[in-house]
Amino acid sequence: MPDMKLSAMRKGMRARIDGLPDGEMRSHFIRIGLMEGSVVACLERLPGGTLVLGFQHQEVALSGELAESIAISQV
Amino acid sequence: MSDTATTPHRPHKHLRTQGPHGDPARKRIVLVGNPNVGKSVVFNYLSGLYVDVSNFPGTTVELSKASYLTYDLYDTPGIYGVSSFNDEERVARDIILNGDIILNIVDAVHLERDLFLTQQLIDMGKRVGVIVNMLDEAHRQKIDVDLEKMEEELGVPVVGTVAVKRKGLENIHELVDQVREGKQSRELHGELHAMLSTVGSQGEALLVLEGDKVIAERHGIPAVDISRRDEIYIDRRNRVNRSLQQVVSDVETGKRVAAVLGRWSVSPWLGFPILAVVLYALYLFVGVFVAQDLVEITEGQIGNRIVEFQIKKWVARHATTTVSVDVLDAEGEVASTRDFRFEDGLEGDRALWHDAQAYVGLEVADYTFTYDNPWLVLFFGEFGAVTMTLTYLLFLLLPLVLGFYFALSVLEDSGYLPRLATLVDRALRFIGLNGRAVIPIILGFGCVTMATITTRLLGTQREKTIATTILQLAIPCSAQLGVIAALLATAGPTATLIYTGIIFSFLISVGTIMNRTLPGGISPLLIDLPHMRMPQLNNVTKKTLYKTYFFMKEAGPWFFIGALFVSILQVTGALNSITEALEPLVVGWLKLPRDGATALVMGLVRRDFGAAGMYHLDLTAYQIVVALVTLTLFVPCVASLMVMLKERGLRQGITIWIGSLVLALTIGGIVSQILN
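Just so it is clear, the structure is predicted and the values come from calculations on it, not from any experiment.

Trainee: Can you help me understand the overall build of chain A in this one?
Mentor: When helices and strands are tallied, chain A shows two helices and six strands. Listing every helix and strand of chain A by position from the N terminus yields β-β-α-β-β-β-α-β. Taken along its principal axes, the extent of the C-alpha atoms in chain A is 30 × 25 × 20 Å. Across the 75 residues that make up chain A, the buried fraction comes to 61%. Of the contacts formed within chain A by residues at least 6 apart in sequence, a portion of 55% connects residues at least 24 apart. Counting only carbon and sulfur atoms, one obtains 50% of the accessible surface of chain A, whose full area is about 2900 Å². If you average the places of the 8 positive and of the 9 negative side-chain charges in chain A, the two averages end up 6 Å apart.

Structure below.
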């Protein structure tokens, strides 16, 4: 599916990251280990769109708004 | 330690940038690591007893410094990398740049994330030693970390620990002697060395190259475009990932109780019930056990009846004093009262003091000392700055703050707090905050002053402003909550519902309005969920003590100044004038008895005094609602005002203060008009 956003992820889905927002947020994502090409799993999705993502033994939570700015493709 | 690593670059003579703190002759060890990797445990292990906690100059970031052997030992805030994205990073950056030895603590389970910082420290040309912590957790998750291979890949010495269980910590002493420069990207290293003539050190050169404006400015050179940072970051990320393929091998992710609990606590169905249980446990411990049972003993018995009494009696030895004695009955109500007048002090008329003692007999009594000398009243009278600060700080606030910080440390060490922030993030966005703000808001129900200090952990000025405003306006602290609950119990369920409804909708309205009107937006939540762990008692205790000490040191003087201020108002008669000026408002607009004015003004000193003052008035159920709404929204206590002024600045602090005064009276009045 083209132009899919991370915010569209549902629990149990896996996706590859295609695009990150620019600037400091992007640098921060690279630091914690998320880049274009990284694969993430959606572990939980809370009402309101807050996501819990799993990758490389890590779990991070991010708000739906931020997920809106990240492009993915489902794997 | 293996010696198979490629020969590290020879240490270069680098200029030392000026450090704002510490003895320049002593070498500095700096502990660096991501958040939640166990840095503080390592720091506590190395530092021993004496630790100096202070604010880093110009910021509100806490900085711990101690002595270790012949070194100065610095703890830094948890960071994901060395740069200038926020206050914590800026503070850590400067300490790292000035450090001689860097001990980098990494989480064995999160090496992908943590080694980015490690590699950056190595790229800075720092002498680094790596402490791989939480090996037990890695073992449980069936992640195998090859420490020797890691040493080879990074080119710096590595030791493994389970810090909370004190395993492997003794190896850190040896590590300090073995630190060295690690393997750097050859290309990058060349580029950095070309810059050495313009900037002081390789570390600073790297930061300039990574687009750090502050460092560039320090050396008067233009900042490098941040697209270069992305290149360097991606290259570093790739180097780290390649190294890790050699170092880490994992089989499967085991399902453990803690991991399962961790997942449940952020699930849509179980998350909220778990939150309810946690909050209820918190309420039972802090709200009931500490705030009521324990404080009744410390403040009611030790503070008032023993310490304050002895001080006042001592002051009255040679001073003209009237002692009024209230003898209490079994229910604690005043049974009889008598005044004793000592023209030459208690020492001057010992017989009269014996009479007073005989009057009390074996009953319990409250003594009020009224001194003729206004100076004595100022410091030791009813609101005496010395006596009140002492009882308030040591016997009411200290147990409360200890209890709250203990509960908070348990939650923090268990790994629950970030999950709580995740759970409530969406809801808090309505009032312009992100999930992290849940911590100061919960603390506010303990002590608004303490919570106001904690707003520091919020990411942006905008969030700090909104959180502080909500705390000061609409969150009743534990001192008030007890009296509020007692009053509401007499007023009945309808009144309780109206009261909570009003306060809650007010809180939402204020947050929403501020969110709409303040420039900027809500910073998005991106938060690490650490492993859930069983909190270790010694670590929790140490944390509780540090935090409590820090709070008392920070807030204590303000409580004294606040009490002194009110005491001056009382001695000069200004307190009476204010009360009189408020009376028409209280009687005409709020439709409360005249004495309600006194209760409101007392609320300035201590919020619970205000609420307690209302307790003794004979109020109808609706009057109780009006009184409590007004009191809750009314200006916060003097100490929290002082702390707010310090944190938020004079202009904003005063605005919030006056705003809450006006809003409290307006809304209280409207409620009164509607209910009547």
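That was the structure; now back to the text.
Trainee: Which parts of the structure should I look at to understand the overall build of chain B?
Mentor: Along the backbone of chain B there are 29 helices and 13 strands. Its C-alpha atoms put chain B at 90 × 60 × 50 Å along the principal axes. Taking all 676 residues of chain B together, the buried fraction comes to 56%. Put simply, of all contacts in chain B between residues at least 6 apart along the chain, 74% involve residues at least 24 apart. With an accessible surface of roughly 28900 Å², chain B has 61% of that area assigned to carbon and sulfur atoms. Charge centroids of chain B, computed over 60 positive and 69 negative side chains, lie 6 Å from each other.

Trainee: Looking at this structure, I do not really get the sheet that holds strand β3 (residues 39-45) of chain A. What am I missing?
Mentor: Strand-to-strand pairing in sheets goes through backbone hydrogen bonds, with the strands running parallel or antiparallel. Strand order across the open sheet formed by seven strands is β1(A)-β6(A)-β2(A)-β3(A)-β4(A)-β5(A)-β13(B), with antiparallel pairing between neighbours. In this open sheet, the two edge strands, each paired with only one partner strand, are β1 (4-5) of chain A together with β13 (526-528) of chain B. As paired strands, β3(A) and strand β4 (residues 51-55) of chain A are joined by four bridges and run antiparallel to one another. By the bridge assignment for β4(A), Cys42(A) is matched with Leu53(A). Running over the sheet, helix α17 (residues 417-429) of chain B touches β4 and β5 (58-62) of chain A together with β13 of chain B and is turned about 150° from β13(B).

Trainee: Just to check I follow, could you spell out the sheet that holds strand β11 (residues 334-342) of chain B for this structure?
Mentor: Residues and elements named next belong to chain B. The three strands lie next to each other as β11-β10-β12, forming an open sheet whose pairing is antiparallel. Only two strands of the sheet have a single neighbouring strand rather than two, namely β11 and β12 (364-371). Sheet twist, expressed as the mean angle between neighbouring strand axes with direction ignored, is 20°. Alignment of strand β10 (residues 321-328) against β11, held across eight bridges, turns out to be antiparallel.

Trainee: Just checking my understanding: could you explain the interface of chain A and chain B for this structure?
Mentor: Interfaces are frequently sized by the accessible area removed from exposure as the parts join. The interface is formed by 30 residues belonging to chain A together with 36 residues belonging to chain B. Taken over both partners, the interface formed by chain A and chain B buries close to 3200 Å², and the fraction arising from carbon and sulfur atoms is 60%. Area buried by chain A at its contact with chain B is led by Arg31(A), His57(A) and Glu59(A), which between them contribute 26% of it. Where chain A touches chain B, the interface holds five salt bridges. Between Arg419(B) and Glu59(A) there is a salt bridge whose closest N-O contact spans 4.0 Å. Our count for the chain A to chain B interface comes out at 13 residue pairs in polar contact (both at pLDDT 80 or more).

Trainee: Whenever I open this one, the confidence of the model for chain B confuses me. Can you help?
Mentor: The predicted coordinates should not be examined in detail at positions where pLDDT is low. Residues and elements named next belong to chain B. Per-residue confidence for chain B averages 86 on the pLDDT scale, and 93% of its residues sit at or above 70. Averaged over each element, pLDDT in chain B is lowest for strand β2 (residues 51-55) (62) and highest for strand β8 (residues 158-160) (97). Taken together, the stretch residues 1-20 has pLDDT below 50 and engages in 40 contacts with residues farther than four places along the chain or on a different chain. As a predicted assembly, this complex carries a pTM of 0.81 together with an ipTM value of 0.94.

Calculation rules
- Residues numbered from 1 in each chain as written.
- Chains lettered and ligands numbered in written order.
- Predicted model: local features only at pLDDT ≥ 70, side-chain atom pairs only at ≥ 80, totals over all residues.
- Heavy atoms only, no water.
- Helix = DSSP H or I, 4+ residues; strand = E, 2+ residues; numbered from the N terminus.
- Buried < 20%, exposed > 50% of the residue type's maximum accessible area, 1.4 Å probe, protein only.
- Contact = heavy atoms within 4.5 Å.
- Areas by Shrake-Rupley, 256 points an atom, 1.4 Å probe, with all protein chains shown as cover.
- Lys, Arg positive; Asp, Glu negative; His and termini not counted.
- Charge placed at Lys NZ, Arg CZ, Asp CG, Glu CD.
- Pairing = 2+ DSSP bridges.
- Axes fitted to C-alpha atoms, helices over the stretch in contact; angles between N-to-C directions.
- Buried area = accessible area lost by both parts, 1.4 Å probe.
- Salt bridge = Lys/Arg side-chain N within 4 Å of Asp/Glu carboxyl O.
- Polar contact = N/O pair within 3.5 Å; in protein donor to acceptor, adjacent residues only side chain to side chain.
- pLDDT = per-residue confidence, 0-100.

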